[in-house]
2 protein chains.
Amino acid sequence: MEKLRFGIVGMGVQGSLYASILAGKALPHFGTLPQPENCVLTAVSSRSPETAEKAAALGVSYFADWHKMVESDVCDAVIITVPHYLHHEVAIFAMEHGKHVLCEKPAGVRASDVRKMLDARGDRALGMILNQRTNPLFRKLNAIVASGEMGQLRRSNWICNSWWRPDSYYASNAWRGTWCGEGGGVVVNQLPHQLDLWLCLTGMPTQLYCLAKEGAWRDIGVENDVTVTTRYPGGATGVLVSCTHDPLGTDRLELDFDQGKIVVEGSKKATVYRFCQPEQVMNQTMDHMQMAYLAATPEKLYTVEELTAQQGFGTAYTEIFENFAEHVISGAPLIADGEDGLRQVRLANAIQLSGWENAPVAVPCDEAQYDAELQKRMDEEG
Amino acid sequence: MEKLRFGIVGMGVQGSLYASILAGKALPHFGTLPQPENCVLTAVSSRSPETAEKAAALGVSYFADWHKMVESDVCDAVIITVPHYLHHEVAIFAMEHGKHVLCEKPAGVRASDVRKMLDARGDRALGMILNQRTNPLFRKLNAIVASGEMGQLRRSNWICNSWWRPDSYYASNAWRGTWCGEGGGVVVNQLPHQLDLWLCLTGMPTQLYCLAKEGAWRDIGVENDVTVTTRYPGGATGVLVSCTHDPLGTDRLELDFDQGKIVVEGSKKATVYRFCQPEQVMNQTMDHMQMAYLAATPEKLYTVEELTAQQGFGTAYTEIFENFAEHVISGAPLIADGEDGLRQVRLANAIQLSGWENAPVAVPCDEAQYDAELQKRMDEEG
């Protein structure tokens, strides 16, 4: 089997995890995860000297300077897990040197940077590690929504507080929870997956408002409590709630359509209600007391389908790596490509900008305004 | 037993219902509801001539002109169920003529009008028919929150779409779903109960933003799809979602505190989670992977109490009437008084104004600005 040769840029938590998966090595707590069949790890790069030992243990080449790895012929593709601000810089250099790029989420902090990365692609592959897209439940839900059977979206509510992070987490690395280090808080670090999954199900809003709180019950200066209200082209509305201080972590997504409703609990279980007739017909033919009586005989109102799907930790990454290699080797469509990364960052930028302005903003928002407002916060943080 | 003598002003749907309850008459679909023991219905007033027949059937006096009923000695108290805009006018006239007043929700459309009503009270009683306050579940929850055992509020999310109303409902009366007739849509007509219950649990926000849609999938010009984002004095945030076009009517309230979480489903069932230690302590002593492992042994993280309470239709009204009479007769505290009515209208006004401006507003909002913006809409509607 033809195998794609990977080099990893950045050997922090994620880089080390990906190295172990690609090399088929055991992980603390999780054992050995399925090794991608069409991938081979050939090199890792990191300024930190301990990485040389890790490389030796993995039996791969070590580069203290990632430029050298990219310039060499040791790999066909690079996985980028350096801090978000550097994603585009590494990706552009790598693609200019003929390497394919698989980039950690988010694609970047600034949409303006991500656009530069996309412009530099040429004929190189650019994939995103938006691994939660492989969640079988969301795949089924995307298929149901895309089939059109649920009709038009009217509403989407996602309470996604399942990102509890204590102060020790923020203190564990100087870049965490800072404007200069990662460009924000929950919107930039934890939420990208949900923003992406949400976009798959609802499409891009045209306008949003975000109430953002910075340092909510945490010793940080970036946002870690957000309420985002969205307005979509077809007339639908939505809300997304997230924070990092809820130890009980509600994760509940509701999608209301004119022909049904979907409720997803914990991203693991979904209830799909299909109306016996479109809401437009009920509106024309029923009065509201009839509707109240139907609560006693719900089968006259809708059918119910329960969907469950749970995915083991790590199999998602394996699937992302295999898909990327298959894309490069035989042209299979990517699970998540550069445009998907840009779309997610555009939504994140608009959320942050609205929070800073405490006012609704258009989506995508003004890139120059976002960049200037972010820079202000970076300068103040020092 | 001393009984308070009631006259009803306005004999539409609510007025006729209250008359039947006070007179111990059977209702269509619901049979006979418990009759308040310390109340007696003595008169009803309405311009519509059929009310004379209703009065005869009930064995009470009939007045075509409510002023005459108020000026007479036929009753000690009036129940006001005329259109919202007229509440303060009737209430003020009644109180000036020595009558006690029990007013249908909302207390009025404009907070400025409600204030006038409160200013005219003198030593008269002014109660509000905020009957959902008698829901035993919410009484328990209010007691739990008021006891302080849950600690400080951090977050409140209420999806309250359980107000499906078809076009035939809006067409059933010329005043329904109009600015001139009732001063708005879901915020003014359906939501007052939830706004009031929410205020009891969270207190008044200092700022809010509302994304309001007018005529969402309905042939009306007023708001029937709202998303309200709130900010509270203690640093908590919240969201309230409501619409009149969801036939499946989600009703889910979540309250996050630093020492627990409460989830209320359908206003009938609540799950109360009490953390084994305050979140502040978890934040100081645990890392986020430890927290993830605790998902397998949740009893180390929290205790769970399930509360259920269902109330029959109509017993709430009986309780409101009995309480009001007891208040007048022996000084018992009111379940809901004029200040409660004003508070609820102030929140509603801020929600509508924010929706009109598509911008965050302070709560309470500027009364003159609200009144002027509402008048604009009334003038345009013609």
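Note that this is a predicted model, so its numbers are computed, not measured.

(A) Broad picture of the interface of chain B and chain A. Taken together, the 57 residues of chain B in the interface contact 57 residues of chain A. Of the roughly 4,900 Å² buried between chain B and chain A, counting both surfaces, carbon and sulfur atoms make up 59%. The largest share of the area that chain B buries against chain A comes from Trp-164, Trp-217 and Leu-248 of chain B, three residues that together contribute 14% of it. The interface formed by chain B and chain A includes six salt bridges. Among the ionic pairs, Glu-279 of chain B bridges to Arg-218 of chain A, the shortest N-O distance being 2.6 Å. Counting across the interface, chain B meets chain A through 27 residue pairs in polar contact (both at pLDDT 80 or more). Its residues assigned to classes, the side of chain B that touches chain A comprises 22 nonpolar, 20 polar and 15 charged.

(B) View of unusual backbone geometry. Residues and elements named next belong to chain A. Note the cis peptide between Lys-105 and Pro-106, where omega equals -10°. As for its position among the elements, Pro-106 is in the loop between β7 (100-104) and α5 (111-119). For the bond running from Val-363 to Pro-364, omega is -5°, close enough to zero to count as cis. On the secondary structure map, Pro-364 appears in the loop between β17 (361-362) and α14 (367-381). With phi around 50°, Asn-358 is a residue other than glycine that occupies positive phi space. Secondary-structure assignment places Asn-358 in the loop between α13 (338-357) and β17.

(C) Quick look at the packing of aromatic side chains. Residues and elements named next belong to chain B. For the structure shown, the criterion picks out 23 aromatic pairs over all chains. For the ring pair Phe-6 and Phe-324, a centre distance of 6.0 Å and an interplane angle of 45° mean the geometry is tilted. Residue Phe-6 is found in strand β1 (residues 4-9), and its partner Phe-324 is found in helix α12 (residues 315-330); the two are separated by 318 residues along the sequence. Note on accessibility: Phe-6 and Phe-324 belong to one class, buried. Plain terms: the ring middles of Tyr-18 and Phe-321 are 5.4 Å apart, the flat faces sit at 80° to each other, and that makes the pair edge-to-face. Of the two residues, Tyr-18 is situated in helix α1 (residues 13-23) and Phe-321 in helix α12; the sequence distance between them amounts to 303 residues. The class for Tyr-18 is buried, based on a relative accessible area of 0%.

(D) View of helix α2 (residues 50-58) of chain B. All names here are of chain B. Along α2, the positions that sit buried rather than exposed are Thr-51, Ala-55 and Leu-58. The buried residues of α2 occupy an angular sector of 65° when the element is viewed end-on, so they sit on one face. For α2, the exposed residues set more than 90 degrees away from the buried face come down to Glu-53, Ala-56 and Ala-57. Contacts from the buried residues of α2 go to α1, β4 (39-45) and β5 (61-63).

(E) Highlighting the confidence of the model for chain A. When the pLDDT values of chain A are averaged, the result is 95; 99% of them are 70 or greater. The ipTM, which scores confidence in the relative placement of chains, is 0.94 for this predicted complex, and the corresponding pTM is 0.96.

(F) Local environment of the sheet that holds strand β8 (residues 126-129) of chain B. Residues and elements named next belong to chain B. Spatial strand order, β5-β4-β1-β6-β7-β8: six strands in an open sheet with parallel pairing. The open sheet terminates on both sides in strands that have one partner only, identified here as β5 and β8. Looking at each pair of strands side by side, their axes are set apart by 25° on average, direction ignored. This element, α1, spans β1, β4, β6 (77-80), β7 (100-104) and β8 of the sheet and lies at about 160° to β1.

(G) Just the side chain of Asp-196 of chain B, in detail. Residues and elements named next belong to chain B. Take Asp-196: it is sitting in helix α9 (residues 192-202). Residue Asp-196 is classed as buried on the basis of its relative accessible area of 1%. Contacts of Asp-196, omitting those with residues within four sequence positions, involve Leu-130, Arg-133, Asp-340 and Gln-344.

Criteria and cut-off values
Residues numbered from 1 in each chain as written. Chains lettered and ligands numbered in written order. Predicted model: local features only at pLDDT ≥ 70, side-chain atom pairs only at ≥ 80, totals over all residues. Heavy atoms only, no water. Contact = heavy atoms within 4.5 Å. Buried area = accessible area lost by both parts, 1.4 Å probe. Salt bridge = Lys/Arg side-chain N within 4 Å of Asp/Glu carboxyl O. Polar contact = N/O pair within 3.5 Å; in protein donor to acceptor, adjacent residues only side chain to side chain. Nonpolar A, V, L, I, M, F, W, Y, C, P; charged D, E, K, R; others polar. Helix = DSSP H or I, 4+ residues; strand = E, 2+ residues; numbered from the N terminus. Phe/Tyr/Trp six-rings, centres within 6.5 Å; stacked < 30°, edge-to-face > 60°. Buried < 20%, exposed > 50% of the residue type's maximum accessible area, 1.4 Å probe, protein only. Arc of directions from axis to C-beta. pLDDT = per-residue confidence, 0-100. Pairing = 2+ DSSP bridges. Axes fitted to C-alpha atoms, helices over the stretch in contact; angles between N-to-C directions.

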